[in-house]
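Read off the chains here:
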Amino acid sequence: MTPEQRLDRIEQQIDKQNAGIQGLIVVARTCLDSIHEMRDRHEKDHQHMLAEMEKLREAQASTDEKLNILIDTVDRIIRNRNGSGPTAP
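Definitions and limits used
Residues numbered from 1 in each chain as written. Predicted model: local features only at pLDDT ≥ 70, side-chain atom pairs only at ≥ 80, totals over all residues. Heavy atoms only, no water. Helix = DSSP H or I, 4+ residues; strand = E, 2+ residues; numbered from the N terminus. Rg over C-alpha atoms; globule rule 2.2 N^0.38 Å. Buried < 20%, exposed > 50% of the residue type's maximum accessible area, 1.4 Å probe, protein only. Areas by Shrake-Rupley, 256 points an atom, 1.4 Å probe, with all protein chains shown as cover. Lys, Arg positive; Asp, Glu negative; His and termini not counted. Charge placed at Lys NZ, Arg CZ, Asp CG, Glu CD. Expected span 1.5 Å × (residues − 1). Patch = residues over 30% accessible without salt bridge, like charges linked within 9 Å, V, L, I, M, F, W, Y side chains within 5 Å. Salt bridge = Lys/Arg side-chain N within 4 Å of Asp/Glu carboxyl O.

Colleague: Is there a simple way to think about the overall build of the protein in this case?
Modeller: Of the regular secondary structure elements, the protein holds one helix and zero strands. Relative to its length of 89 residues, the protein is extended, with a C-alpha radius of gyration of 37 Å against a globular reference of 12 Å. Each principal axis of the C-alpha distribution contributes one length, and for the protein these read about 125 × 20 × 10 Å. Of all 89 residues assigned to the protein, the portion counted as buried reaches 1%. Accessible surface, the protein as shown: approximately 8400 Å² in total, 58% of it carbon and sulfur. Treating the 13 positive side-chain charges of the protein as one cloud and the 16 negative ones as another, the clouds have centres 5 Å apart.

Here it is, written out as structure tokens:
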């Protein structure tokens, strides 16, 4: 093999490697773009979930308050029927 043939072969190999490297760069950029998009979507979903959890906390607090009022009312009614309420002698 002549030096020119060897040089041509080396240049072909370098061209193949450069094409492979460029392909890997495209794949890496695509992966990074996907990761950034997923991160943004995750952040939005997380913020939405936190807002929904806050609504649930408020609803639960309201339900707890109403339930305590109902329990007190039923307890008073039962005590009054049994004659052991505050108006009993």
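Colleague: Explain helix 1 (residues 3–81) to me, please; I cannot follow it from the model alone.
Modeller: Residues three or four positions apart in an α-helix share a direction because the helix packs 3.6 residues into each turn. Between the first and last C-alpha of helix 1 there are 113 Å, a value that for 79 residues agrees with the 117 Å anticipated at 1.5 Å per step. Two residues or fewer after helix 1 comes glycine 83, characterised by a positive phi angle close to 75°.

Colleague: Before we go on, may I ask you to explain a nonpolar patch on the surface in this structure?
Modeller: A surface patch of nonpolar side chains, amounting to about 430 Å² of accessible area, comprises Leu67, Leu70, Ile71, Val74 and Ile78. In this structure, isoleucine 78 sits in helix 1. With relative accessibility at 45%, the residue isoleucine 78 sits in the partly exposed group.

Colleague: Whenever I open this one, the pattern of salt bridges confuses me. Can you help?
Modeller: When the charged atoms of two side chains with opposite charge come close together, those side chains can pair. As enumerated under the stated definition, the model contains five salt bridges in all. Residues arginine 39 and aspartate 40 are paired through a salt bridge, measuring 3.8 Å at the closest nitrogen-oxygen approach. Its relative accessible area of 51% is what places arginine 39 among the exposed residues. On the accessibility criterion, aspartate 40 (41% relative accessible area) is partly exposed.

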